[in-house]
Amino acid sequence: MILYAEVECYIYHAHSLKEKRSVIKKITKRIHNEYNIAISEIDFQDLWQRTMFGLVTISNEKVQAERVIDQAFKLIDSFPEIERTKTQKEWL
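In what follows, the accompanying structure is described. What you see is a predicted model; the values in this text were computed from it and never measured.

A word on the pattern of salt bridges
Under the defined criterion, the tally for this structure stands at seven salt bridges. A salt bridge links Glu41 to Lys20, with the shortest nitrogen-to-oxygen separation between them at 3.0 Å. Of this pair, Glu41 sits in strand S2 (residues 38-43) while Lys20 sits in helix H1 (residues 17-35), and the two are 21 residues apart along the sequence. Like Glu41, the residue Lys20 is buried in the burial classification. For Asp70, the salt bridge identified is with Lys89, shortest N-O distance 2.9 Å.

What follows is the structure, encoded as structure tokens:
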């Protein structure tokens, strides 16, 4: 089972692309290391305070894939400098 998710976020207090990249790098590295999920910024690269992540996980059970993606969402929500605004999941 392949589960793909898109997460749109608002980044507080980012006043440059450099500050935005710092926040994104911290989040993507931690999610990849803790949950072994493929994650990347897929949209809004030129905007300072918006981003969209693409997350993908593969599992032999739907429940396990959902659990891992939901844990990644909770980790994103735990960062005070970013707010998750839209989330979409799709089974491939």
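The discussion continues.
Some words on the pairing of strand S3 (residues 50-58)
Note: strand S1 (residues 2-11) against S3, nine bridges, orientation antiparallel. Bridge pairing in S3 places Cys9 opposite Thr51. Alignment of S2 against S3, held across five bridges, turns out to be antiparallel. For Glu41, the partnering residue across the bridge sits in S3 and is Phe53. Taking the residues that link successive antiparallel strands as the turn, the S2-S3 hairpin has six residues, and the phi of Phe44 there is positive, at about 65 degrees.

Here's the deal with the nonpolar core
Formed by 23 residues in total, the largest nonpolar core has its most connected members in Ile27, Ile31, Phe53, Leu55, Ile76 and Ile82. Those elements giving two or more residues to this core turn out to be S1, H1, S3 and helix H2 (62-78). If you tally residues by element for this core, the top one is H2, at seven residues.

Describing H2
In an α-helix there are 3.6 residues to a turn, and that puts residues three or four apart on one side. Helix length check: H2 (17 residues) gives 24 Å between terminal C-alpha atoms against 24 Å at 1.5 Å per residue, within 8%. Those residues of H2 hidden inside the fold are in contact with S1, H1, S3 and strand S4 (82-91).

Observations regarding the packing of aromatic side chains
Taken as a whole and judged by the stated rule, the model has one aromatic pair. A centroid spacing of 5.1 Å and a plane angle of 75 degrees characterise the contact between Tyr10 and Tyr12, whose relative ring orientation is edge-to-face. One cation-aromatic arrangement involves Arg50 over Phe44; the distance from NZ or CZ to the ring centre is 3.8 Å. Over the ring of Trp91 we find Lys62, and its NZ or CZ is 5.2 Å from the ring centre.

Criteria and cut-off values
- Residues numbered from 1 in each chain as written.
- Predicted model: local features only at pLDDT ≥ 70, side-chain atom pairs only at ≥ 80, totals over all residues.
- Heavy atoms only, no water.
- Salt bridge = Lys/Arg side-chain N within 4 Å of Asp/Glu carboxyl O.
- Helix = DSSP H or I, 4+ residues; strand = E, 2+ residues; numbered from the N terminus.
- Buried < 20%, exposed > 50% of the residue type's maximum accessible area, 1.4 Å probe, protein only.
- Pairing = 2+ DSSP bridges.
- Core = buried A, V, L, I, M, F, W, Y, C linked by side-chain atoms within 4.5 Å.
- Expected span 1.5 Å × (residues − 1).
- Contact = heavy atoms within 4.5 Å.
- Phe/Tyr/Trp six-rings, centres within 6.5 Å; stacked < 30°, edge-to-face > 60°.
- Lys NZ or Arg CZ within 6 Å of the ring centre and 35° of its normal.

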